[in-house]
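Residue-level structure breakdown
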Amino acid sequence: MDTTRTLFLPPGGSTVAPEVDALFNFLVYVAIAFFVLIMTMVIVFAVRYRRRGPQVLTPGISHNTALEMTWITIPLILVGIVFVWGFRGYLKQSVVPKDALEVRVTGQKWFWSFAYPEGATSINELVVPAGKPIKLLLSSQDVIHSFYVPDFRIKRDALPNRYTITWFEAPRPGNHHLFCAEYCGTKHSAMIGTVRVVSDREYQQWLESTSASGTGMSAVDFGAKLYVSKTCNSCHSNDGRAMNGPTFRNLYGHDVEMTGGGRVIVDENYLRESILDPRAKVVAGYQPIMPTFQGLIKTHEMDALIAYIKSLSPTKEDDGQPAPRP
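Residues numbered from 1 in each chain as written. Predicted model: local features only at pLDDT ≥ 70, side-chain atom pairs only at ≥ 80, totals over all residues. Heavy atoms only, no water.

Okay, the overall build of the protein chain next. Across its full length, the protein chain holds 6 helices and 12 strands. Radius of gyration (C-alpha) of the protein chain: 29 Å, far over the 20 Å computed for a compact globule of 326 residues. Seen along its three principal axes, the alpha-carbon backbone of the protein chain occupies a region of about 105 × 55 × 35 Å. A buried classification covers 36% of the 326 residues belonging to the protein chain. Contacts spanning at least 24 positions in sequence make up 62% of the contacts within the protein chain whose residues lie at least 6 apart. When the 32 basic and 29 acidic side-chain charges of the protein chain are each reduced to a single mean position, those positions are 11 Å apart. (Helix = DSSP H or I, 4+ residues; strand = E, 2+ residues; numbered from the N terminus. Rg over C-alpha atoms; globule rule 2.2 N^0.38 Å. Buried < 20%, exposed > 50% of the residue type's maximum accessible area, 1.4 Å probe, protein only. Contact = heavy atoms within 4.5 Å. Lys, Arg positive; Asp, Glu negative; His and termini not counted. Charge placed at Lys NZ, Arg CZ, Asp CG, Glu CD.)

Right, let's get into the sheet that holds strand β7 (residues 154-158). Strand order in the open sheet made by the 5 strands is β4-β10-β9-β6-β7, with mixed pairing throughout. Two strands lie at the open edges of the sheet, namely β4 (125-129) and β7, each paired on one side alone. With strand direction ignored, the average angle separating the axes of adjacent strands in the sheet is 20°. Relative to strand β10 (residues 192-198), β4 runs parallel, the two sharing 5 bridges. Paired with E125 across the bridge in β10 is T194. (Pairing = 2+ DSSP bridges. Axes fitted to C-alpha atoms, helices over the stretch in contact; angles between N-to-C directions.)

Counting buried positions along strand β1 (residues 101-108) gives 6 out of 8 residues, so the element sits mostly inside the fold. With 7 bridges joining them, β1 and strand β5 (residues 134-140) adopt parallel strand pairing. Its bridge partner being in β5, R104 is matched across the sheet by L137.

A few words now on the packing of aromatic side chains. Using the criterion set out here, one finds 12 aromatic pairs in the structure. Ring centres 6.4 Å apart and planes at 25° place the aromatic pair F87 and Y90 in the stacked group. Of this pair, F87 and Y90 both sit in helix α2 (residues 65-94), 3 residues apart, roughly one helical turn. Residue F87 is classed as partly exposed on the basis of its relative accessible area of 40%. Judged by relative accessible area, Y90 falls into the exposed class, the value being 52%. Look at Y116 and W206: their rings are 5.0 Å apart centre to centre, the planes differ by 65°, and that puts the pair in the edge-to-face class. Of this pair, Y116 sits in the loop between β2 (111-115) and β3 (121-123) while W206 sits in helix α3 (residues 200-211); the two residues are 90 residues apart in sequence, bridging distant segments of the chain. Site record: aromatic cluster; members linked through ring pairs are F83, F87 and Y90. (Phe/Tyr/Trp six-rings, centres within 6.5 Å; stacked < 30°, edge-to-face > 60°.)

Another point: the side chain of S113. Within the element layout of this structure, S113 appears in strand β2. Here S113 falls in the buried class, since its relative accessible area comes to 2%. In contact with S113, not counting residues within four places along its chain, are R104, V105, T106, Q108, S122, I123 and L296.

Structure (structure tokens):
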């Protein structure tokens, strides 16, 4: 079945999409057929039995066994078809193939992170090979999120303190939208990503390039790239604008007031601690909502990100000290 011609759904991108679409279309067409039938009967009866003269009493009406059996039997058959059809699809989506590639998926406010069996990690971009079943082991670091890929017809909640499982197989290379379908806070609408389906050769190349990311780039340029790819820009501006977290502009080298009292000089150690354990020292005036990047960022990525933050705090040429904050 060519699901790209679905009237109400986006083009299907997984092996289970055709079956889901077929059941959905069956329900839509049955509903349309009954709507037309009922509205037609309403109009016909309204015209045929309209009032034509003085008001008279309605004659006694006895039941019609054949008619009653008809309106019981037909809905019962339709419900039975939908149940069997839907249960088969549910079982198909619940039983993960034994040869599936397992990817750990973690939802945090407000991004998705992915850990691959080869050791690679990614944020907001799930890269998988085409034609191979993918098992997703989902969990959450904070609140309930919901992993939703409309093209694949899959949606599964990611819960704190427990795992949930779903799987899919994308037969063809392509890009597909990823959303969080459970309201999870003020930046819920920004918790979006991409599922990139590539050939097996491209997948192996991506794994190799991920392990060597940043090669040939300056630390500051690589850090600027990570600032976007690690979604730091969703809460920290680089131009002084106030967001959910402190701006990176002119942050390095200055002392900042902490929640609960005390002040801290923003240096390399403070930045590193804030990335790995963001609730250890929270800047006054901000909520402790930043998730930890423990296990999601490599050492050379940490160094590059700190170098980029430092580059946003130019020093005075005369004494090499940080320039005053605006």
